[in-house]
Amino acid sequence: MGAKTGLLAYADGDIPAALRQGSEAGIAETTDLVGRLYPGWGMEAAEGEILDEGTYPADGLTYAASFPGVDIVCDRRLMIDRPSQLPEHLVAASAGRRMVLHAMHSVVDWLAFAVWEDGRLVRSLSLSPDGGVIEDIGEPFPCERPYWAGGHPVEQDPDWEDEAPYPLPFHPLELGEEALRAFFGFILEGRPAPDDVDPDDVRLQGFRLTAPAGPDLAHGRPTWKRRLRVSPRPGRHSDGSIRPLTAARVTAPVLPARHR
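Positions within a chain are numbered from 1, following the residues in the order the chain's sequence is written. Two thresholds apply to this predicted model, a pLDDT of at least 70 for residue-level local features and 80 or more for giving and counting side-chain atom pairs, whereas whole-chain, interface and lining totals are computed over all residues. Side-chain measures here rest on the full set of heavy atoms in the structure, leaving out hydrogens and waters.

A.B. asks: Would you mind showing me how to read the sheet that holds strand β7 (residues 120–128) here?
C.D. replies: Should DSSP find at least two bridges between two strands, the strands are taken to pair. Here a strand is any run of E in DSSP of at least two residues, a helix any run of H or I of at least four, and the numbering for each starts at the N terminus. Taken in spatial order, the 9 strands line up as β2-β9-β3-β4-β1-β5-β6-β7-β8 in an open sheet, and their pairing is antiparallel. Every interior strand has two partners, whereas the edge strands, β2 (42–50) and β8 (132–138), have only one. On average, each strand axis in the sheet is tilted by 15° relative to the strand beside it, whichever way the strands run. Sheet analysis places strand β1 (residues 4–11) next to strand β4 (residues 70–74), joined by 5 bridges and oriented antiparallel. Across the sheet, residue Leu8 finds its bridge partner in β4, namely Val73. In this description, contact between two residues means that some pair of their heavy atoms is separated by no more than 4.5 Å. The angle between two axes is taken between their N-to-C directions and runs from 0 to 180 degrees, where each axis is a line fitted to C-alpha atoms and a helix contributes only its stretch in contact. Sitting on the sheet, helix α6 (residues 172–184) is in contact with β1, β4, β5 (98–105), β6 (110–117) and β7, with an inclination near 155° to β5.

A.B. asks: Could you clarify how one ought to interpret the side chain of Glu135 in this entry?
C.D. replies: Structurally, the position occupied by Glu135 is in strand β8. Partly exposed describes any residue whose relative accessible area lies between the buried limit of under 20% and the exposed limit of over 50%, with all areas from a 1.4 Å probe on protein chains only and scaled to the type maximum. His residues and chain termini do not enter the charge count, which takes Lys and Arg as positive and Asp and Glu as negative. Salt bridges are identified by distance alone: a Lys or Arg side-chain nitrogen within 4 Å of an Asp or Glu carboxyl oxygen. Despite being buried, Glu135 has no salt bridge partner; Arg82 is the closest side chain of opposite charge, sitting 4.1 Å away. One polar contact links Glu135 to Ser84, side chain to side chain, over a distance of 2.6 Å. Non-local contacts of Glu135, meaning those with residues more than four positions away in its chain, are made with Arg82, Pro83, Ser84, Ser124, Leu125 and Ser126. In the analysis that follows, any N or O atom pair within 3.5 Å is treated as a polar contact, provided that within protein one partner can donate a hydrogen and the other can accept it, and provided that, for residues neighboring in sequence, both atoms belong to side chains.

A.B. asks: Please explain the nonpolar core as it appears in this structure.
C.D. replies: A general tendency of soluble globular proteins is for nonpolar side chains to be buried together. One finds Val70, Ile72 and Phe184 to be the most contacted residues of the largest nonpolar core, which totals 41 residues. Counting residues per element, the ones that place at least two in this core are β1, α1 (15–20), β3 (61–67), β4, β5, β6, β7 and α6. Ranked by the residues each element gives to this core, the list is headed by α6, at 6 residues. When near neighbours in sequence (up to four residues on either side) are disregarded, Phe184 contacts Leu7, Ala9, Ile15, Pro16, Leu19, Ile72, Val100, His102, Ala179 and Val197. Formed by 20 residues, the second largest nonpolar core is a distinct cluster that contains Leu90, Val91, Ala114 and Phe207. In this text, buried Ala, Val, Leu, Ile, Met, Phe, Trp, Tyr and Cys residues form a nonpolar core when linked through side-chain atoms within 4.5 Å.

A.B. asks: Help me out: how do you make sense of the pairing of β7 in this one?
C.D. replies: Judged from the 7 bridges that link them, β6 and β7 form a sheet pairing that is antiparallel. Pairing of Phe113 across the sheet is with Leu125, part of β7. When β7 meets β8, the two strands line up antiparallel, connected through 6 bridges. Bridge pairing in β8 places Leu125 opposite Asp136.

A.B. asks: It is not clear to me how the environment of Met99 should be interpreted in this structure. Could you clarify?
C.D. replies: Within the secondary structure layout, Met99 lies in strand β5. For Met99, a relative accessible area of 0% puts it in the buried group. Sequence separation of Met99 and Glu117 is 18 residues, and the distance between their C-alpha atoms is 6.5 Å. Once residues lying within four places of it in the same chain are set aside, the contact partners of Met99 are Leu8, Ala9, Tyr10, Leu86, Leu90, Val91, Ser94, Ala114, Val115 and Trp116.

Written out as structure tokens, the structure is:
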């Protein structure tokens, strides 16, 4: 399926440290969390999922978990072009805490992430090869700097010498994995580090939500209108190391508003 995320966290401190505790999510606490983030929505229980498989739920599903020190929510509706336009009530829920949004979609090589501290946006980045840099607010985090400095260029396929250079100084999905590890302590593609969180050990509860009449949760969700170029996601060599990315000539149909 590729690397896809619609992931939001509210944390009292370090998110990876909280996830490494391996505690069971409280059912009542998690249900209350979802109720507060989706006020007025119809809610019914659904089958849960592990974090490794739950970062991109099926349409209409939401996965969530309330652990000591961190609350996690996975929902496609969180995947918006401009994280700074996340609905105000979601930001307000972060009062006194750190809030981190991570969203990426491998079909269109799109990445977005943002961090709020006590309700104040300190960093937001959203970019794709066809859309360019959609949003760039605040100072880059340490995990970003080698990418902006040219340390991770996209290698062109030598068989396609006439192909234009990749339009970004790095591949968004590669930075997306690095940001996922930096903020949440795990990755979806590539070789895990020894101290990474094992997302198979993090269990999320499932909810099927019905939106009330009125604006949708993610009113700023992506609405690309042109055909987007796709690059292959990172592969692996036989020894498990990541194979370098190359630009590709594949095109994909226009995605509906929710990145189906």
